[in-house]
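# What the coordinates show
Spelled out from the first residue to the last, the chains are:
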Amino acid sequence: MMRFPRLLIPGLAAIALVGCLGATSGTPSAESPAAPVSSPSPEQSAPQVAAAPSGSFMAGEHPTQGKVKLVVKNNQRFLEFDRTFKTDSGPDLVVALHRSGNVLQTTKPPAYPLKEGDYVVLAPLQKTSGAQSYAIPSQVNLANYKSVVVWCQKFNATFGAARLSN
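Residues numbered from 1 in each chain as written. Predicted model: local features only at pLDDT ≥ 70, side-chain atom pairs only at ≥ 80, totals over all residues. Heavy atoms only, no water.

### Some points on the pattern of salt bridges
Evaluation of the coordinates by the stated rule reveals one salt bridge. Across the pair E80 and K73 runs a salt bridge, and its minimum N-O distance is 2.7 Å. Its relative accessible area of 44% is what places K73 among the partly exposed residues. (Salt bridge = Lys/Arg side-chain N within 4 Å of Asp/Glu carboxyl O. Buried < 20%, exposed > 50% of the residue type's maximum accessible area, 1.4 Å probe, protein only.)

### Looking at the nonpolar core
Counting 22 residues, the largest nonpolar core has L79, F81, L97 and V148 as its most contacted members. Mapped by element, the contributors of at least two residues to this core are β3 (67–73), β4 (76–81), β6 (93–98), β8 (132–136), β9 (147–152) and β10 (157–163). Apart from residues no more than four positions distant in its own chain, L97 is found in contact with L79, D118, Y119, V120, L122, I136, V140, L142, Y145, S147, V148 and L164. Formed by 10 residues, the second largest nonpolar core is a distinct cluster that contains Y112, Y119, V149 and W151. (Core = buried A, V, L, I, M, F, W, Y, C linked by side-chain atoms within 4.5 Å. Helix = DSSP H or I, 4+ residues; strand = E, 2+ residues; numbered from the N terminus. Contact = heavy atoms within 4.5 Å.)

### Focus: the sheet that holds β10
Taken in spatial order, the eight strands of this open sheet run β7-β6-β9-β10-β1-β3-β4-β8, and their pairing is antiparallel. Across the chains shown, the open sheet's two edge strands, defined by having one partner strand only, are β7 (119–124) and β8. This sheet shows a mean twist of 30° between the axes of neighbouring strands, independent of strand direction. Taken together, the five bridges between β6 and β7 define a ladder with antiparallel strand orientation. Looking across to β7, one finds that V95 is bridged to A123. (Pairing = 2+ DSSP bridges. Axes fitted to C-alpha atoms, helices over the stretch in contact; angles between N-to-C directions.)

### Points about the packing of aromatic side chains
The full count for this structure, using the stated rule, is five aromatic pairs. Centre to centre, the rings of F81 and Y134 are 5.2 Å apart; their planes meet at 55°, and the pair counts as tilted. One end of the pair, F81, is in strand β4; the other, Y134, is in strand β8, and 53 residues separate them in sequence. Exposure remark for F81: the relative accessible area of 3% places this residue in the buried category. An aromatic cluster is built from F57, F81, F85 and Y134, whose rings are joined through pairwise contacts. (Phe/Tyr/Trp six-rings, centres within 6.5 Å; stacked < 30°, edge-to-face > 60°.)

### Things to note about the pairing of β8
The side-chain alternation of β8 yields one buried face, formed by Q132, Y134 and I136, and one unburied face, formed by S133 and A135. Both β4 and β8 contribute to a ladder of five bridges, which runs antiparallel. In the sheet register, E80 faces β8, and the bridge partner there is S133.

Geometry only, nothing functional implied.
Take a look at the structure:
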């Protein structure tokens, strides 16, 4: 009879502990049904927002990597490079928008030179790695540009390019 109380207390403690963990895990357990999902009425539904154009850099003249996306803040448009952005150092590096969706295929290696009129320069490259942001002037019609390039103006060499798509 002495063994029963000794086993009962640890057993109840284990059941209580497992029950508490299951209740706070944040994921529904097999025993607890998921809460029903109700559809919002037409008056409550949020407006559909188109996905922001974004892309991943591909190497051109030099190794270039990371992601870029178009964002709008306070009615101002920006290109934002994420923290994984990285390219080599070089003279006269700029960030530009390009008309082609595949800059590296429409130019010739090894430099991948750009043709006048196919791009618009936004600003000098701030740094060769890490997160950074570039304002897009209001007069630039983004419908005319499909890629972002890191470009060396001095030697007309495209370090890397990212196709912008939704």
